[in-house]
Every structure is written in C-alpha cells, then in structure tokens.
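Structural overview for review
Below are the chains, spelled out letter by letter.
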Amino acid sequence: MSSSFTTRPVDPDLRLGPVPIVTTGPTDDPDRWAAEHRGLLRSLVTEHGAVMVRGLGLHDVAGTASVFTRLATGLMVETEAFAARRSYGTGVYSSSTWPPNRTMCMHHELSYALRFPGLMQFACLVSPSRGGATALADSPTVLAALPEALVERFEHEGWLLARNYNDDIGASWTEAFGTDDRTAVEDYCRAAAIEFVWQPDGGLSTRQRRSAVIRHPLTGRRCWFNQMAFLSEWTLDPEIREYLVDLYGSDGLPFNTRYGNGDSISRDTVDLINQVYQAHTVREPWQDGDLLLVDNLRTAHSREAYEGPRDVMVALADPVHLHDCSPTVEVMTR
Ligand SMILES: [Fe+2]
C-alpha cells in the first residue's frame, strides 16, 4: 500500500490509496446515500478504475440489490458463465462458486462475450476470517508491463476461447445459456460469433475469437482485456490438469485458450502473464457491509483464497458492446 493519501474538498472522507476508499460515516439509509453520491462514485470509478465504499453497512439481499440498481445505468443478465452463481433477480448474483482454498486468477468479467459489463459491483455481506479479497489490477499498467512482441501478436491475432460443456465440471450448457432449448443456444451462438458443435453424449463444444486488447470507450486508454491466462490449461493446478486431460483428452478440457490463429499458448507465456498480474495486484481486505465498484474494462479482478464464511453479492452493470471498444481483430474464427 502507498503511504501517500490525498483528501478532496468534494468529500472529506475519500482516501486515495491503491484502492480508493470512500467512508460514508453513519447512515441508516444506504439507498438514499447511494442516490446522493452516485455521480461522485461513478466519476471516481472512471478516474481511478475502482472505488470501495465503507460504512454503508450492507447486510441483506434486498437492500444491497436496491443500492446496485441505484448506482447502475442498467443491470445485465449473465450468459456464458464458466462457474455457477445463485441469482437474486435480474443482474444480481452471488459470487461465483469456486473452491475457497483456490485463488480465482485475474480476469475481466465476460471478456469473451460480445457484450460485457462496463461496471462490476460487489458487496460484502459477510467477510471471511482470513483472505478472500477481491483484488484488482490496472489493465493499462499490465499491458505496458508485458513484452512488446507478445502484445503485438495478441493484438494482431486476438485470442481464442475453446469450451467443452458437460454436466460434471463448471457450468453446464443449460446453465451457461439459461435454457435447455438447443435451437435457442444455436441462435445465441450465431448472433455472438461463437462456433459450436453438439457432441454425441449431449455435450456442447464452442470456440470464439476475441480481441485481446481494447480501447476504453470513455477514456480512450488501451486495456489488456481478456481471460486467456485465467482460462488456460496452464493456470490449472498440475494434478487437476493431468486428471482432466486423462478424463477428457487435451482437446476436451472444460475450457482452454489459444492464440487467435489456433496455435497453442505455452506454459511460459501463461506463467508470465500471471506473474505480471501478480506484480501489479492491489487489494483492500473486505469488511462486513463494504461496497466495491470496478470499471470492468480498465480493471481486472480476482478472488483470493479464504477461510471462514464469505458472502459477497455481485451485479453486472452498464453493458458495453465490443464494437464500441475498437477491437483489433474480427470476431469470427478462421
Ligand atoms: Fe469475476
């Protein structure tokens, strides 16, 4: 954490550190406080990439969902999820189901979709006894720290996400697409530039190419915006990867990533990307009742391993289309 803190006249309770924190002071009406400070919070997110709000005392689903709605311009339904969530209504969810003792690596929510949230909202109803931060990394900083040749290749080719939906691991295709109607899934895939193949056992295989680097539509800044490291086979624990390859074959993993031309990405490259993320990670440990707003294009987030109960609600807000972010590649695969 930096030791330099700045106080703004516009709000005496703003502390600018690696994660900017606004402290509300006593309030018994979080919804009203959010309405009154909506403009300030949204401008802080645009300027800094994220802001934490401490003191709202968010503790129940209905009150938190109301604050999420108040601060967003619109909430969006998640499709193509890779891990299950509990839904609390349109656009409001639990955090993803993921083993507590495993870190969920840095990613931008739905960066493999054509339409993704511009704003992620998180609220901590119950903080864990140890760990469990929603950590952050600034994507223009990550981009600048990656080797030039690597960035050039991904900018030129984009990245591929290959998925194999089954009923054993991760979200099934019915969960990911929110329907058990195969025709509806096919229509979605065609509209979203996703190649698909139905497997004889009823499973579904998909492949989609996306831009690895985008330009932020509000600020114009270039952002490293993808999930190629997080969803790579090389980010899995070695024993889990070995087990899955034995079970499904190397082309049948639940998800994996490639260069945009279909070439494999080496373990060294994935390790390097994850190391750069780690070197630029900042975190503010959760306290009960906290709210965290994250610019999903500018800022990657992770979920660190934890102990004890942890209840974090999530809203996917302010949808943005890839077309509006100056993508560097065509989305159709070759
Ligand atoms: Fe996430």
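Just so it is clear, the model here is predicted, and its values are computed rather than measured. (Residues numbered from 1 in each chain as written. Predicted model: local features only at pLDDT ≥ 70, side-chain atom pairs only at ≥ 80, totals over all residues.)

**Here's the deal with unusual backbone geometry**
The phi angle at Glu80 is positive, at roughly 65°, despite the residue not being glycine. Tracing the chain through its elements places Glu80 in the loop between α2 (61–71) and β4 (92–94). Given 23 C-beta atoms within 10 Å, Glu80 falls into the buried group. At Asp318, a position not held by glycine, the phi torsion is positive, near 50°. In this fold, Asp318 is placed in strand β19 (residues 311–321). A residue is classified by how many C-beta atoms lie within 10 Å of it, and Asp318, with 21 of them, is buried. (Helix = DSSP H or I, 4+ residues; strand = E, 2+ residues; numbered from the N terminus. Buried ≥ 20, exposed ≤ 12 C-beta atoms within 10 Å, placed from the backbone.)

**Points about the sheet that holds strand β14 (residues 255–259)**
Hydrogen bonding along the main chain pairs the strands of a sheet, whether they run parallel or antiparallel. One open sheet holds the four strands; their spatial order is β10-β11-β9-β14, and the pairing between them is antiparallel. Of all strands in the sheet, those with a lone pairing partner are β10 (195–198) and β14, marking the two edges. The sheet shows a mean angle of 15° between the axes of neighbouring strands, taken without regard to direction. Here seven bridges tie strand β9 (residues 159–165) to strand β11 (residues 204–210), and the two strands are oriented antiparallel to one another. The partner of Trp159 across the bridge, within β11, is Arg210. (Pairing = 2+ DSSP bridges. Axes fitted to C-alpha atoms, helices over the stretch in contact; angles between N-to-C directions.)

**Regarding helix α1 (residues 30–48)**
Every α-helix carries 3.6 residues per turn, so stepping three or four residues along brings you back to the same face. Over its 19 residues, α1 runs only 23 Å from end to end, short of the ideal 27 Å by more than 12%, given 1.5 Å per residue. Considering bend angle alone, the principal kink of α1 is centred on His37 and spans about 65°. Along α1, the residues that are buried comprise Pro30, Ala34, Leu44 and Val45. (Expected span 1.5 Å × (residues − 1). Bend = angle between axes of the 7 residues up to and from the residue.)

**As for the packing of α1 against α2**
Contact geometry of α1 with α2 gives a least axis separation of 9 Å together with a crossing angle of 25°. Comparing the axis directions of α1 and α2 gives the class roughly parallel. As for the relative orientation of α1 and α2, their crossing is right-handed in sense. Counting all contacts with α1, which are made through Pro30, Asp31, Ala34, Ala35, Arg38 and Leu41, the residues of α2 involved are Gly63, Ser66, Val67, Arg70 and Leu71. (Parallel < 35°, antiparallel > 145°, perpendicular 65-115°, else oblique. Left-handed = near helix turned anticlockwise from the far one by under 90°. Contact = placed C-beta atoms within 7 Å.)

**With respect to the environment of Phe154**
Position of Phe154 relative to the elements: it lies in helix α4 (residues 148–157). Through-space distance from the C-alpha of Phe154 to that of Arg102 is 28 Å; in sequence the pair is 52 residues apart.

**What to know about the domain arrangement of the protein chain**
Split by domain assignment, the protein chain resolves into domain 1 (14–99 + 115–138 + 283–318) and domain 2 (141–275). Each of domain 1 and domain 2 has a C-alpha centre, and these two points are 25 Å apart. In this assembly, 11 residues from domain 1 lie in contact with 15 residues from domain 2. Of the residues assigned to the side of domain 1 that touches domain 2, the class counts are six nonpolar, two polar and three charged. (Domains from an automatic or database assignment. Nonpolar A, V, L, I, M, F, W, Y, C, P; charged D, E, K, R; others polar.)

**A look at the UniProt feature "domain: TauD/TfdA-like" (unreviewed entry) in the protein chain**
With numbering aligned to this structure, UniProt lists the feature "domain: TauD/TfdA-like" (unreviewed entry) at residues 25–314. Each end of residues 25–314 is marked by a C-alpha atom, and these two atoms are 23 Å apart; helix forms 30% of the span and strand 26%. (UniProt positions renumbered as here; feature names shortened; annotations may be inferred.)

**Quick word on the pairing of β19**
Across the 11 residues of β19, eight count as buried, placing the element largely inside the fold. Sheet topology places strand β6 (residues 115–126) next to β19; 10 bridges connect them, and they run antiparallel. Bridged to Cys124 within β19 is Val312.

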